[in-house]
Amino acid sequence: MKVVLQHLTKKFPSRSKKGEEVVAVSDFTFEIPDGKLIGLLGPSGCGKSTTLNLICGLEAPTSGHIFFGEDNVTRLPPENRGVGLVFQNYALYPHLTVRQNILFPLQNLKGSEKLSKQVMLEKAEEAARLVQIEKLMDRKPSELSGGQQQRVAIARALVKMPRVLLLDEPLSNLDARLRLQTREEIRRIQRETGITTIFVTHDQEEAMSISDLIVVMKEGVVHQIGKPQEVYDEPCNLFVAKFLGTPPINVFSGEVRGGVLYIGEDGVLNVKGVSDRKVYVGVRPEGFVLEAAGPLSCALQAVEVMGRDRSVVSTHPAAVSEAIRAIIPSEEEIGIGSDSVRFALKPAKVHLFDAASEERIPFEV
Amino acid sequence: MMKKNWKAWLYLLPAIAFLGVFMVYPLVDVFVYSFEEGYNSASQTFWGTGLYNYSYVLHDPYFLQAVKNTFILVIITVPVSTGLALLISVGLNSIKPLRELYQTVFFLPYVTNTLAVGLVFMILFKKTAYSDGMINLLINFFGGQSVDFIEGPYWAKMLVMCIYTVWVVMPFKILILTSALASVPQSYYNAAKIDGTSKWRTFTRITLPMISPMIFYLVITGFIGAFKAYSDEVAIFGTNLNAAGMNTIVGYVYDMLYGDSGGYPSYASAAALILFAIVLTITVINLMISRKNVQY
């Protein structure tokens, strides 16, 4: 089922009488293709959870429309939309067993949709098998680990075979190791069921790793939509570039003069087709190459060994970010002086942004 | 570890001393009195020991009347007051405007003096030389016959007593239940909404189980409180409850000690221990039921 959002806007009235209303989501237009896994990504307060609530019907939009396939569901109550929602805290009913929790949505069906007990139990078993909790069916939620509770919540959301599955911060309550495992699990379940799935997260790594498409939001406005690698490689503005990637992108203030990019007084890169102006220069940590005669000279602070690679921390007077972090593969020989280090830059890992609008400026090498 | 123990006991000493003198000793005393026949507190004498006191109390028509009254009160007022309180709390929880005002109004009986409330009930129910009372005026208005609620038939008196008790005990229950309802996380309701759960099913399958520990707490304390009813009866029917036929077990104990026919600490003790046995039994049953039903 494809999900179409048209000019979706949600404004909340201000708490005080004088204050302005808060725009949680502003003019969100996007068509989510059928059967894809979409990550809504942004810092907290960016309107991603509100978007999720609008799609599932817990909130009504101020303006705009939502379509599931060809159905306009904008005015439909949540129960008639055919959505499954996994809550951030799972919201498993503590007094019911796992089986009863999964059965709960089925038992709500009325009239012609009503199922026999046998069919309901079979469906619950099927959902449980899908998330691999069939051995835990008679336990209470309090007797489960966080990851198991998460699976039960997903099973409960899936048991009615919703048209759209929504996950609100699905991994935020899990520890780091379980998070890795569970995100693969979500990916697998989504692939197996083929249900269009939208999940909300503030963790860019999580979103990048499993999404077909990611939507980067900030303050209610959608900044960029695209495949994770595309958004990472071609961020549309400085915010998106800064938000994606760990360690984060290194930002310098620089200037383009006569087709050459200058950081401070170092001419570091030829940039064709860019008129002379002040720019922000974003360099991904992996975009630095150690070279004895490299054009960019930085004051060395520390070298952190991380096993697979080394992280070279240095400073530069023109840097906006406090420290510059370069990731260098461990096997590379580095001739690092005691107090300074010189880098060359990989052009594909360098992004230019207009100093005033912070929009990305494309350039040719 | 052992060395430091004496310190702990030292800290506990004041509390233990007070409890011992004012709780444990009297309790033991009551137990002893109840088996001492013809105990006289002035001369500190008695003529024998045995179960005679219990036998006397259990054959005393006044006591049997008191037991009957108490049981009727308990059986009617505890479920009715808890049910009404639940209804009102759910109502309060689902309205937004004026919620605080209503909460205050419903809580007023809790802070009002028993005797003042008794006075209000007099105005509502008591026949005087000038009027038959508010309720009778209403009954007359709808073409009914006046009923003497205070000195009339037993059912009328019991009705007034039950209404009064329910009205007095409800505020506390409303207070507890509204806070219990407010503490049910919204996400459960959102989850239920998305699954298309009907309002009634949401209430019976989610709300009620979630607040059931509080409901059981209220039922258990409600039972205990209702079994100890006495002052409310005095507020409406005066101190001579036996004459009004509205005595309660605690009232009987009091009468046996200090009433006009009083001065029998042995009978009073026996009656008190019978009450204790009743309350203990009911509470144990309650707890067993709640253990079965509240488990998460």
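Residues numbered from 1 in each chain as written. Chains lettered and ligands numbered in written order. Predicted model: local features only at pLDDT ≥ 70, side-chain atom pairs only at ≥ 80, totals over all residues.

(A) The overall build of chain A, seen in detail. Across its full length, chain A carries eight helices and 21 strands. C-alpha atoms of chain A, sized along the principal axes, occupy 75 × 45 × 40 Å. (Helix = DSSP H or I, 4+ residues; strand = E, 2+ residues; numbered from the N terminus.)

(B) Here's a closer look at the overall build of chain B. What chain B contains, in helices and strands, is 13 helices and two strands. Based on the C-alpha atoms only, the size of chain B along its principal axes is roughly 75 × 75 × 30 Å. Within chain B, the proportion of its 296 residues that are buried is 28%. In chain B, once contacts between residues fewer than 6 apart in sequence are set aside, the share between residues at least 24 apart is 66%. (Buried ≥ 20, exposed ≤ 12 C-beta atoms within 10 Å, placed from the backbone. Contact = placed C-beta atoms within 7 Å.)

(C) Fine view of the domain arrangement of chain A. All names here are of chain A. Under the domain assignment used here, chain A contains domain 1 (3–238) and domain 2 (247–361). For domain 1 and domain 2, the distance between their C-alpha centres works out to 39 Å. Taken together, the contacts link four residues of domain 1 with seven residues of domain 2. Its residues assigned to classes, the side of domain 1 that touches domain 2 shows three nonpolar, one polar and no charged. (Domains from an automatic or database assignment. Nonpolar A, V, L, I, M, F, W, Y, C, P; charged D, E, K, R; others polar.)

(D) Structural detail: the confidence of the model for chain B. In the predicted model, chain B carries a mean pLDDT of 87, and the fraction of residues at 70 or more is 97%. At the level of chain-chain contacts, confidence expressed as ipTM amounts to 0.80, with global pTM at 0.78. (pLDDT = per-residue confidence, 0-100.)

(E) Examining the interface of chain B and chain A more closely. Contacts between the two partners involve 13 residues from chain B and, on the opposite side, 17 residues from chain A. For the side of chain B that touches chain A, the secondary-structure elements that each account for two or more residues are helix 8 (186–194) and helix 9 (199–227) of chain B. The element that contributes the greatest number of residues to the side of chain B that touches chain A is helix 8 of chain B, accounting for six residues. Its residues placed into classes, the side of chain B that touches chain A shows six nonpolar, four polar and three charged.

(F) Looking closely at the pairing of strand 20 (residues 350–354) of chain A. Residues and elements named next belong to chain A. With four of its five residues buried, strand 20 lies for the most part within the structure. The pairing of strand 14 (residues 277–283) with strand 20 spans five bridges and is antiparallel. The partner of Val-281 across the bridge, within strand 20, is Leu-352. Pairing of strand 20 with strand 21 (residues 360–361) involves two bridges; the strand directions are antiparallel. Looking at strand 21, one finds that Phe-353 is bridged to Arg-360. (Pairing = 2+ DSSP bridges.)

(G) Seen up close, unusual backbone geometry. Residue and element names in this part refer to chain A. For the peptide bond that leads from Thr-246 to Pro-247, omega is -10°, which places it in the cis range. Residue placement: Pro-247 occurs in the loop between helix 8 (238–243) and strand 11 (250–257). Positive phi values are uncommon outside glycine, yet Glu-219 reaches one of about 50°. With respect to the secondary-structure elements, Glu-219 resides in the loop between strand 9 (213–218) and strand 10 (221–226). Judged by C-beta crowding, with 16 C-beta atoms within 10 Å, Glu-219 ranks as partly exposed.

(H) Layout of the sheet that holds strand 16 (residues 296–305) of chain A. Residue and element names in this part refer to chain A. Strand order across the open sheet formed by five strands is 15-19-16-17-18, with antiparallel pairing between neighbours. Each edge of the open sheet is held by one strand with a lone partner, namely strand 15 (288–290) and strand 18 (324–329). For this sheet, the mean inter-axis angle between neighbouring strands, taken without regard to orientation, is 50°. (Axes fitted to C-alpha atoms, helices over the stretch in contact; angles between N-to-C directions.)

(I) Fine view of the nonpolar core. Within the largest apolar cluster, 101 residues are counted, with the highest numbers of intra-cluster contacts made by A:Ala155, A:Leu166 and A:Val281. Looking at which element gives the most residues to this core, the answer is helix 4 (residues 146–158) of chain A, with six residues. Mapping this core onto the domain boundaries places at least three of its residues in each of domain 1 (3–238) and domain 2 (247–361) of chain A. The next biggest cluster of nonpolar side chains, apart from the first, holds 47 residues, and it includes B:Ala66, B:Val160, B:Met170 and B:Ala226. (Core = buried A, V, L, I, M, F, W, Y, C linked by C-beta atoms within 7 Å.)

(J) Main features of the sheet that holds strand 5 (residues 71–72) of chain A. Residue and element names in this part refer to chain A. One open sheet accounts for four strands, arranged 2-1-4-5; its pairing is antiparallel. Two strands in the sheet have a free side with no partner beyond their single neighbour: strand 2 (22–32) and strand 5. Pairing analysis gives five bridges linking strand 1 (residues 3–12) to strand 4 (residues 63–68), with the strands arranged antiparallel. When the sheet's bridge partners are listed, Gln-6 is paired in strand 4 with His-65. In this fold helix 1 (residues 48–56) packs onto strand 1, strand 2 and strand 4, with an angle of close to 60° to the strand it touches most, strand 2.

(K) Layout of the environment of A:Val216. Residues and elements named next belong to chain A. Checked against the element boundaries, Val-216 lands in strand 9. Considering only alpha carbons, one finds Val-216 and Val-240, 24 residues apart in sequence, at a separation of 7.0 Å. Ignoring any residue separated from it by four or fewer positions in sequence, one finds Val-216 in contact with Leu-41, Gly-42, His-223, Gln-224, Val-231, Val-240 and Phe-243.

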